[in-house]
Structure formats: C-alpha cells, structure tokens
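What follows is the residue order along each chain.
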Amino acid sequence: HCEEHFGRLSVNSATKQSPTREETAHLHLQQVQVSSRLPSSLPKAYLAMTRRISCKIERVDAENPIFVIRDLNFYYGAKLALSKISMEVLPRKVTALIGPSGCGKSTFLRCLNRMNDTIPGTRVEGQILLDGQDINVEGMDVVTLRQRVGMVFQKPNPFPQSVYDNVAFGPRVLGLVKNNADLD
C-alpha cells in the first residue's frame, strides 16, 4: 500500500547513495506516528501528511535504533489515549512529533521514561525497547531510566525550593559534588 504511493526507502548498498531529500522527508514522517482524531477542518496538505505518517516505510541503514516501539497502546483508565504506535528512534537524528493539542504527543514521550507510572489508573501495552532492553519489565530501575531518558517540560516544574537548590539538585543526587562550595 505505502510503496504504491511513496516508494521504498533504502540506501543503495552498491553505490552507497542516500535517499533523496524528498525520500528523507517521508522517512522522517514515518517516525511521527502519534494517534489522533483529526478534525476535518484541517488543511488538505496536513491531512495528506497524516496519511503518509500511518504508512510503514522500510529503512535500511547501519545504525541500531536507540528506541524501538512496537504496538504501543496507552490507557487512562478505560480510555485509549495511544493506539498501536510502532516506530524507531535513531541515534544522532532529529525525531519530531507533530500534531494538534491533545493528540497524545506528551503522553507518548512520558511513556519513554515511564513518567506515566506516577499517574493512577494508567496502563501501557506493547513494547518499548531502549538499547534492546524492555523498559516496562518488572524490576526496571526507573530512576536510572529517567537519568538516561530525560524530559524538558513545556512549563517549568521546579521543586518547592529555591532556584539554586533546583539547579543543584541533579549534581547532588548523582554524587558529582561533595559540598556546596563545589556548586558555587
């Protein structure tokens, strides 16, 4: 189905020729698979782009993905918020999640470091692999996971303490400083 419309993306191993700029754009769109109900009032070009997003585009390269997400579903209680998301995130590549407000972009990102675990009544199905390890297995150290997979929030979320203590919190927790003089 996708190959009919967009062709198959790969690096030609004989010539080492990379995909064209247009093919690369389609390849990057493959990484934007946040499920949403799109209003019909959106421009036709945007709706056409979302049809491309839902297609599976094959990628052939030598880099192993940092994240592999397979058939991810996420629920707030009985409400399905994310549906059947499958994608890869490659090292040293920019991955953009684009969509209207409320479509699940932040929910998806919180799945990558298990920040949704802190919300009562939520559940995740599917698989999220970080460097080949399932992050949702029982016994996963979420503190270590969150040290590796950080989040920058849209609005600041400081701890209820001074700005200085908020900035110093990371180095202190990681044991990078022995006393306050090291922080100054």
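In the block above lies the structure referred to throughout.
Everything in this summary refers to the structure shown in the same document.

**Topic: the pattern of salt bridges**
Applying the stated criterion across every chain yields a total of 4 salt bridges. Salt-bridge contacts for aspartate 117 lead to arginine 114; the nearest nitrogen and oxygen are separated by 2.7 Å. We note a salt bridge from glutamate 125 to arginine 123, for which the minimum N-O separation is 3.4 Å. Residue glutamate 125 is classed as partly exposed on the basis of its relative accessible area of 30%. Classification of arginine 123 by relative accessible area gives partly exposed; the value is 40%.

**Section: the environment of valine 142**
Along the chain, the position of valine 142 falls in helix H5 (residues 142-148). Taking the C-alpha atoms as reference points, valine 142 and methionine 115, separated by 27 residues in sequence, lie 8.8 Å from one another. The residues contacting valine 142, other than those within four sequence positions of it, are Arg114 and Asp117.

**Details of the sheet that holds strand E1 (residues 67-76)**
Taken in spatial order, the 4 strands of this open sheet run E2-E1-E3-E4, and their pairing is antiparallel. The open sheet is flanked by strand E2 (79-89) and strand E4 (133-134), the only strands paired with a single partner.

**Thoughts on the side chain of arginine 110**
Positionally, arginine 110 belongs in helix H4 (residues 105-112). Buried within the structure, arginine 110 lacks any salt-bridge partner; aspartate 117 is the closest side chain of opposite charge, at an N-O distance of 9.6 Å. Contact partners of arginine 110, with chain neighbours within four places excluded, come to Tyr76, Met115, Asn116, Ile119 and Met151.

**What about the environment of valine 68?**
Counting through the fold element by element, valine 68 comes out in strand E1. Along the primary structure valine 68 and aspartate 131 are separated by 63 residues, whereas in three dimensions their C-alpha atoms are 8.1 Å apart. Apart from residues lying up to four places away in sequence, valine 68 is in contact with Met87, Glu88, Gln127, Ile128 and Leu129.

**Some points on the side chain of threonine 107**
Along the polypeptide, threonine 107 turns up in helix H4. In this view, threonine 107 contacts Phe74, Tyr76, Leu82 and Asn116; residues no more than four positions away in its chain are not counted.

**Description of the nonpolar core**
Counting residues in hydrophobic clusters, the biggest one holds 16 residues, and the most contacted among them are Phe67, Ile69, Leu72, Phe108 and Ile128. For this core, the elements supplying multiple residues, two or more each, are E1, E2, H4 and strand E3 (122-130). Residues in contact with phenylalanine 108, not counting those within four places in the same chain, are Ile69, Leu72, Leu82, Ile85, Met87 and Leu97.

**Comments concerning H4**
Turning to H4, its buried residues are Thr107, Phe108, Arg110, Cys111 and Leu112. Along its buried surface, H4 packs onto E1, E2, E3 and H5. Among the residues trailing H4, arginine 114 stands out with phi positive, at a value near 60°.

Quick notes on the rules
Residues numbered from 1 in each chain as written. Predicted model: local features only at pLDDT ≥ 70, side-chain atom pairs only at ≥ 80, totals over all residues. Heavy atoms only, no water. Salt bridge = Lys/Arg side-chain N within 4 Å of Asp/Glu carboxyl O. Buried < 20%, exposed > 50% of the residue type's maximum accessible area, 1.4 Å probe, protein only. Helix = DSSP H or I, 4+ residues; strand = E, 2+ residues; numbered from the N terminus. Contact = heavy atoms within 4.5 Å. Pairing = 2+ DSSP bridges. Lys, Arg positive; Asp, Glu negative; His and termini not counted. Core = buried A, V, L, I, M, F, W, Y, C linked by side-chain atoms within 4.5 Å.

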